[in-house]
Amino acid sequence: MRKKLLLLMTTLSVILLLAACGSKSQDDVVKELKSKQGDLTSYKVKAKMTLKMGSDSQIYNVEIWHKDPTFYRVNLKNAEKDQSQMILRNNQGVFVLTPALNKSFRFQSDWPQNSSQAYLYESLIKDIVMDKSAKFSTTKDYYIFETKTRYQNNSMLPFQEIKLNKSDLSPAIVKVMDPDRNALVTVEFSKVKFNTNFDKDDFDMKKNMTRAQLGLPAMANGKDSAFTVKYPTFELKGTKFIGEKEVKIEDGKRVVLTYDGKKSYTLVQEKVTVKVASSTPTYVEGDIVDLGVTIGAVSDHSISWSHDGIDYMIASKNLTKNELIEVAKSVQGEAVK
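What about the pattern of salt bridges?
- Applying the stated criterion across every chain, the model contains twelve salt bridges.
- One salt bridge in this structure joins R211 and D201, with 3.1 Å as the shortest N-O distance. Taken together, the residues R211 in helix α4 (residues 205-214) and D201 in the loop between β11 (183-194) and α4 connect sequence positions ten residues apart.
- You can call R211 partly exposed: its relative accessible area is 37%.
- The salt bridge involving E270 is made with R254; its shortest N-O contact spans 2.5 Å. Residue E270 is located in strand β15 (residues 265-271), and its partner R254 is located in strand β14 (residues 252-261); the two are separated by 16 residues in the primary sequence.
- One continuous salt-bridge network, built from bridges that share partners, spans D201, D202 and R211.

Below you can see the structure in the form of structure tokens.
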């Protein structure tokens, strides 16, 4: 009897030892991620990005191309509306393209190195490696990290949960969370292809603008479509709405909202008209900022963006960059003043 018990205990010990040897620690996975990133020359990714905005959600189909070391093409298309934007980086700089309006902007920017990017694989690896206090867990299929983010306004989105497939360490699901760990941005990866090939002009600005416009319906001049004034919902202590002024311009109207107080600012909105084709993109002072529903440009004293055919610009001498971003992200309401 004693021999049988001893044999059983020995067998269990061996099984436990083998199981322990088969499981990878957090350090093991981090080392593998570093090695994979070092060997990675390119990738193509498809994903679905869901943005939670109050009680509503917006869904975007995202296609990401990356060629080592600094070529990027990120195409974001609203799943419900026929709208898209593209972020492009090549040897000439960083561009933001809005094909439906025939608009292109050029930035002198270190994007995407200057911030977390929930849909870029190497950015996720960087967040994991840099956060020495990252939490780690595993399931049958995934390695899971919870890390801090590197967003410009990371007080609003300080955490993210990154799920990686155990089979090849590819990204599976990323959730970007608020301080209460509510997921406000969710990226679900459906197709990841590592070390893929690209054609010579795949990251060319003009070629990408032309290709993106081929599948669009005939572009209207925008004069007859509705222009609904929107108001920010983000509250700044000591700041109040004091006036709204409508100004007639050649192609329609411009609306100027004025907010006064210690954190005073002006919000300008005007209808966008489709621009005549130009081979030269507009140079923008400032840096790229992700506003959720669109891509904008932020500088020390202003932030500008386009959405649903409307150009927006906030100017202030008193707001910080983070405050400019938060006010801009909240310009969704139609009644709150």
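Some details on the nonpolar core
- With 45 residues, the main nonpolar core has L33, M49, V74, Y119 and V187 as its most contacted residues.
- Element by element, the count of residues in this core is highest for strand β1 (residues 42-53), at five residues.
- Formed by 23 residues, the second largest nonpolar core is a distinct cluster that contains F227, I303, Y312 and L319.

Conventions we followed
Residues numbered from 1 in each chain as written. Predicted model: local features only at pLDDT ≥ 70, side-chain atom pairs only at ≥ 80, totals over all residues. Heavy atoms only, no water. Salt bridge = Lys/Arg side-chain N within 4 Å of Asp/Glu carboxyl O. Helix = DSSP H or I, 4+ residues; strand = E, 2+ residues; numbered from the N terminus. Buried < 20%, exposed > 50% of the residue type's maximum accessible area, 1.4 Å probe, protein only. Core = buried A, V, L, I, M, F, W, Y, C linked by side-chain atoms within 4.5 Å.

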